[in-house]
Amino acid sequence: MTWIAAVARLRARRESGVLVTVATVRGHAPRDAGAKLVVGQSETWGSIGGGNVEAVAIDRAREMITAGKAEPELMDFALNDKVTNQHGVQCCGGTVSVLLEPLPVVRAVAVFGVGHVGLELARILARQDLDLHLVDSRADMLAEERLDVLADSVAQVHLHHTPLLPEEVFEELPRGTHVLIMTHDHAEDAALCDAALRTAHLGSIGLIGSSAKWVRFRKRLSTEGGHDDATIDRIKTPIGLADVTGKEPATIAVSVAADLLRTFETEEH
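These numbers come from a predicted model, not from an experiment. (Residues numbered from 1 in each chain as written. Predicted model: local features only at pLDDT ≥ 70, side-chain atom pairs only at ≥ 80, totals over all residues. Heavy atoms only, no water.)

Peer 1: Please clarify how helix 4 (residues 186-197) should be interpreted in this entry.
Peer 2: One turn of an α-helix holds 3.6 residues; hence residues three or four places apart share an orientation. With 12 residues, helix 4 ought to run about 16 Å at 1.5 Å a step, and its terminal C-alpha atoms sit 17 Å apart, in line with that. Restricting attention to buried positions, one finds in helix 4 the residues Glu188, Asp189, Ala190, Leu192, Cys193, Ala195, Ala196 and Leu197. In this structure, the buried side of helix 4 is in contact with strand 6 (107-112), strand 9 (178-181), strand 10 (205-207), helix 5 (211-223), helix 6 (229-232) and strand 11 (235-236). A side-chain oxygen of the first residue of helix 4 lies 2.9 Å from the backbone nitrogen of alanine 187; this N-cap is aspartate 185. (Helix = DSSP H or I, 4+ residues; strand = E, 2+ residues; numbered from the N terminus. Expected span 1.5 Å × (residues − 1). Buried < 20%, exposed > 50% of the residue type's maximum accessible area, 1.4 Å probe, protein only. Contact = heavy atoms within 4.5 Å. Polar contact = N/O pair within 3.5 Å; in protein donor to acceptor, adjacent residues only side chain to side chain.)

Here you go:
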């Protein structure tokens, strides 16, 4: 398997990993600069030459995975018999530097409702490196010709047509998925809010709408849903930046996307 295919496999599995590359070589070494190795938590693909260099790199890569380290590292190795090595002697005579680049699990976002605002939001989020789930109970909202604007997406886009119970999608979403609820139907929004609060593995939950809408929803979530105040407070509404007041779909979408990206930044610190 090529290293590119290995990276793609890790992404598809939503597993973190580390890309290990021979950055520089002086003198003799088992592999030339550019050789690559992909390290997962339990598997590896490719090789940077075997021996002590590869074993130490794998050990360090797995430490980085466990620690959730985001910054790359550069490791230097001297390949001679005078160096005490953890995994045996390599005496090729050269020196090697190895770059370890973390491959984190990409974020996931689910947009429930791909109407005017939802589509504009999808266009913006599709430019980010994430898994983007678009959910709608209306087949025409997810029609191929309508979503042609996402053809050049950086994101991996997943479509979910849910004519009866869109809330069932929650169980399919990856752990930590950020949810944005903006359907065409307030009853559908309410059902989604209730179901989202009952789904423990989600990330942030956002609801589009006015303060009056939220007053009604909050009461319903408490009385009919049986949720306590702390649970209901998981839902953020309104979504978007408070000082962006325009009501055009594209303006709202920019505001909501910026707010979500700020949430991502908060997660990192």
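Peer 1: So what exactly am I meant to see when it comes to unusual backbone geometry here?
Peer 2: The amide bond that connects threonine 237 to the next residue, proline 238, takes the cis arrangement and shows omega of -5 degrees. With respect to the element layout, proline 238 can be found in the loop between strand 11 and helix 7 (249-268). Phi at arginine 14 is positive, roughly 55 degrees, even though this residue is not glycine. Mapped onto the secondary structure, arginine 14 falls in the loop between helix 1 (3-13) and strand 1 (17-26). According to the relative accessible area criterion, arginine 14 is partly exposed, its value standing at 22%.

Peer 1: Whenever I open this one, the nonpolar core confuses me. Can you help?
Peer 2: A general trend in soluble globular proteins is that nonpolar side chains are found buried together. Of all hydrophobic cores here, the largest spans 24 residues; its most connected members are Val109, Val111, Leu121, Leu125, Leu132, Leu134 and Leu180. Looking at this core, the elements that each hand over two or more residues are strand 6, helix 3 (116-125), strand 7 (130-136) and helix 7. The contact partners of valine 109, leaving out residues within four places of it in the chain, are Leu125, Leu130, Asp131, Leu132, His133, Thr177, His178, Leu180, Leu260 and Phe264. If you look at the next biggest cluster of nonpolar residues, it comprises 22 residues, including Phe170, Leu197, Ile205 and Leu221. (Core = buried A, V, L, I, M, F, W, Y, C linked by side-chain atoms within 4.5 Å.)

Peer 1: How should the sheet that holds strand 5 (residues 95-103) be read in this particular structure?
Peer 2: Hydrogen bonds between backbone atoms are what pair the strands of a sheet, whose relative direction is either parallel or antiparallel. On the basis of which strands lie adjacent, the open sheet formed by five strands has the order 3-2-1-5-4 and antiparallel pairing. With partners counted over all chains shown, the strands left at the sheet margins are strand 3 (44-46) and strand 4 (73-78), one partner each. Looking at each pair of strands side by side, their axes are set apart by 20 degrees on average, direction ignored. Across the face of the sheet, helix 1 comes into contact with strand 1, strand 2 (36-40), strand 3 and strand 5 while running at roughly 20 degrees to strand 2. Sitting on the sheet, helix 2 (residues 51-67) touches strand 1, strand 2, strand 3, strand 4 and strand 5, and the angle it makes with strand 2 is about 40 degrees. (Pairing = 2+ DSSP bridges. Axes fitted to C-alpha atoms, helices over the stretch in contact; angles between N-to-C directions.)

Peer 1: Hey, could you run me through the side chain of threonine 21 in this one?
Peer 2: Summarising the element assignment, threonine 21 is placed in strand 1. Looking at threonine 21, its side chain comes within polar contact range of the side chain of lysine 36, at 3.1 Å. Beyond its immediate chain neighbours, meaning those up to four positions away, threonine 21 contacts Gly34, Ala35, Lys36, Ser97, Val98, Leu99 and Glu101.

Peer 1: Sorry if this is basic, but what is going on with the sheet that holds strand 11 here?
Peer 2: Taking strand neighbours across the sheet as the criterion, the six strands line up as 8-7-6-9-10-11 in an open arrangement whose pairing is parallel. Whereas interior strands pair on both sides, the edge strands pair on one side only; in this sheet they are strand 8 (156-161) and strand 11. Direction of pairing for strand 6 relative to strand 9: parallel, over a ladder of four bridges. Bridging from a neighbouring strand, phenylalanine 112 pairs with isoleucine 181 of strand 9.

Peer 1: Help me understand the packing of helix 4 against helix 5, please; the structure alone is not making it clear to me.
Peer 2: Two elements in contact, helix 4 and helix 5, have axes separated by 11 Å at closest approach and are oriented at 50 degrees. Our classification of the angle between helix 4 and helix 5 gives oblique. By crossing handedness, the relation of helix 4 to helix 5 is classed as right-handed. When helix 4 is examined against helix 5, the residues His186, Asp189, Ala190, Cys193, Asp194 and Leu197 are found in contact with a partner set consisting of Lys213, Arg216, Phe217, Arg220 and Leu221. (Parallel < 35°, antiparallel > 145°, perpendicular 65-115°, else oblique. Left-handed = near helix turned anticlockwise from the far one by under 90°.)

Peer 1: Just to check I follow, could you spell out the environment of arginine 220 for this structure?
Peer 2: Note on placement: arginine 220 falls in helix 5. By relative accessible area, which is 40% here, arginine 220 ends up partly exposed. Taking C-alpha positions, arginine 220 is 8.3 Å from alanine 190, a pair spaced 30 residues apart along the chain. With sequence-adjacent residues up to four places away left out, arginine 220 is seen in contact with Ala190 and Gly225.

Peer 1: Is there a simple way to explain the pattern of salt bridges in this structure?
Peer 2: It is possible for side chains of opposite charge to pair when their charged atoms get near one another. In the structure shown here, the tally under the stated rule is 19 salt bridges. Between glutamate 43 and arginine 13 there is a salt bridge; the shortest N-O distance is 2.7 Å. In this pair, glutamate 43 sits in the loop between strand 2 and strand 3 while arginine 13 sits in helix 1, placing the two residues 30 residues apart along the sequence. What makes glutamate 43 partly exposed here is its relative accessible area of 29%. Among the residues examined, arginine 13 registers a relative accessible area of 36% and is labelled partly exposed. Among the charged side chains, a salt-bridge network with shared partners connects Arg60, Glu63, Lys69, Glu71 and Glu73. (Salt bridge = Lys/Arg side-chain N within 4 Å of Asp/Glu carboxyl O.)

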